[in-house]
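# Structure at a glance
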Amino acid sequence: VQLQAYGGGLVQAGDSLSLSCATGEPTFSSYHLGWFRQAPGKEREFVAAIRRGSSGILYADSVKGRFAISRDNAKRTVFLQMNNLQAEDTAVYYCAADRTVILSNMRNVFAYKNWGQGTQVTVSS
């Protein structure tokens, strides 16, 4: 499945930003979805994930309470609402999709077969 992430930009600390990741894949609703990020010189890390029926949602501790993941299957889009952004949130954000990843493995970057191209988020302090 091809994923297109967009919505990144340059914001100030404390601001909000909303990322979207869309696809033309007609079976979008059958995919579990995740958001990951990669800062310069660091490994790609888990941010948030949502099960295909929205029955399970996970967040990294570093974003819990500030970020919210959601999906709209009719629009074939997954969203990441990011509030109270901080400098340490600066990274390239990637969306990912997989049909078979189990809940306990959704934080694992290697569990997803399909990736978007990434969108840059820069937070100035």
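Below you will find a few notes about this structure. Residue positions are given per chain, counted from 1 along the sequence in the order it is written. Only residues with pLDDT of at least 70 get local features here, since the model is predicted, and only at 80 or more are side-chain atom pairs given and counted; chain-wide, interface and lining totals rely on the full set of residues. Here the side-chain values reflect all heavy atoms present in the structure, with hydrogen atoms and water set aside.

As a further point, take the packing of aromatic side chains. For any pair of aromatic rings, geometry is given as the distance between the ring centres together with the angle between the planes. Pairing of aromatic rings covers Phe, Tyr and Trp, the last through its six-membered ring, and needs centres within 6.5 Å; plane angles under 30 degrees mean stacked, over 60 mean edge-to-face, and all others mean tilted. As enumerated under the stated definition, the model contains 5 aromatic pairs in all. Here the aromatic rings of F36 and F46 are separated by 5.7 Å at their centres, their planes lie at 75°, and the arrangement is edge-to-face. Of this pair, F36 sits in strand β4 (residues 32–38) while F46 is found in strand β5 (residues 45–50), placing the two residues 10 residues apart along the sequence. To sort residues, take the accessible area from a 1.4 Å probe on protein chains only and compare it with the maximum for the residue type: under 20% means buried, over 50% means exposed, and anything in between is partly exposed. A residue is classified by how much of its surface remains accessible, and F46, at 10% relative accessible area, is buried. Ring centres of Y94 and W115 lie 6.5 Å apart, and the angle between their planes is 80°; this geometry places the pair in the edge-to-face category. Residue Y94 is found in strand β9 (residues 91–98), and its partner W115 is found in strand β10 (residues 114–115); the two are separated by 21 residues along the sequence. The helix count covers DSSP runs of H or I at least four residues long, the strand count covers runs of E at least two residues long, and both are numbered beginning at the N terminus.

Take the buried residues of types Ala, Val, Leu, Ile, Met, Phe, Trp, Tyr and Cys, join any two whose side-chain atoms come within 4.5 Å, and each joined set is a nonpolar core. W35, L80, M82 and Y93 are the most contacted members of the largest nonpolar core, which has 37 residues in total. The set of elements that each furnish at least two residues to this core consists of β3 (17–22), β4, β5, β6 (57–59), β7 (67–72), β8 (77–82), β9 and β11 (119–124).

Right, let's talk about the side chain of R51 for a bit. Tracing the chain through its elements places R51 in the loop between β5 and β6. Neither His nor the chain ends is counted toward charge; the positive residues are Lys and Arg and the negative residues Asp and Glu. What makes a salt bridge here is a side-chain nitrogen of Lys or Arg within 4 Å of a carboxyl oxygen of Asp or Glu, nothing more. Of the side chains with opposite charge, D98 comes closest to the buried, unpaired R51, at an N-O distance of 8.0 Å. By the criterion applied in these results, polar contacts are pairs of N or O atoms within 3.5 Å in which, for protein atoms, one can donate a hydrogen and the other can accept it, and in which residues neighboring in sequence qualify only through two side-chain atoms. Polar contacts involving the side chain of R51 include one to the main-chain carbonyl oxygen of V101, which spans 2.7 Å. Ignoring any residue separated from it by four or fewer positions in sequence, one finds R51 in contact with H32, G56, R71, V101, I102, L103 and M106. In what follows, residue pairs with any heavy atoms lying within 4.5 Å of each other are defined as contacts.

So, on to the sheet that holds β7. One bridge is not enough; two strands pair if DSSP finds at least two bridges between them. Read from one edge of the open sheet, 4 strands run β1-β3-β8-β7, paired in antiparallel fashion. The two strands at the open ends of the sheet, each matched to only one other strand, are β1 (4–6) and β7. The average undirected angle you get between the axes of adjacent strands in this sheet is 15°. Of the strand pairs in this sheet, β7 and β8 are connected by 6 bridges, and their pairing is antiparallel. Paired with A68 across the two strands is Q81, which belongs to β8. Lines fitted to the C-alpha atoms define the axes, with helices restricted to the stretch that makes contact. Angles between their N-to-C directions range from 0 to 180 degrees.

Burial analysis of β4 places 6 of its 7 residues in the buried class, which makes it a mostly covered element. Bridge count for β4 against β5 is 5 bridges, and the pairing is antiparallel. Across the sheet, residue R37 finds its bridge partner in β5, namely E45. The antiparallel pairing of β4 with β5 creates a hairpin that spans 6 residues between the two strands, and G41 there sits at a positive phi of about 80°.

Let us now look at the pattern of salt bridges. Enumeration according to the criterion identifies 5 salt bridges in this entry. With its nearest N and O atoms 3.3 Å apart, the salt bridge here joins K64 to D61. Just as K64 is exposed, D61 falls in that class too. Note that D98 and K113 form a salt bridge whose closest N and O atoms lie 3.2 Å from each other. Taken together, the residues D98 in strand β9 and K113 in the loop between β9 and β10 connect sequence positions 15 residues apart. Here D98 falls in the buried class, since its relative accessible area comes to 2%.

Bear in mind that shape data such as this cannot, by itself, settle questions of function.
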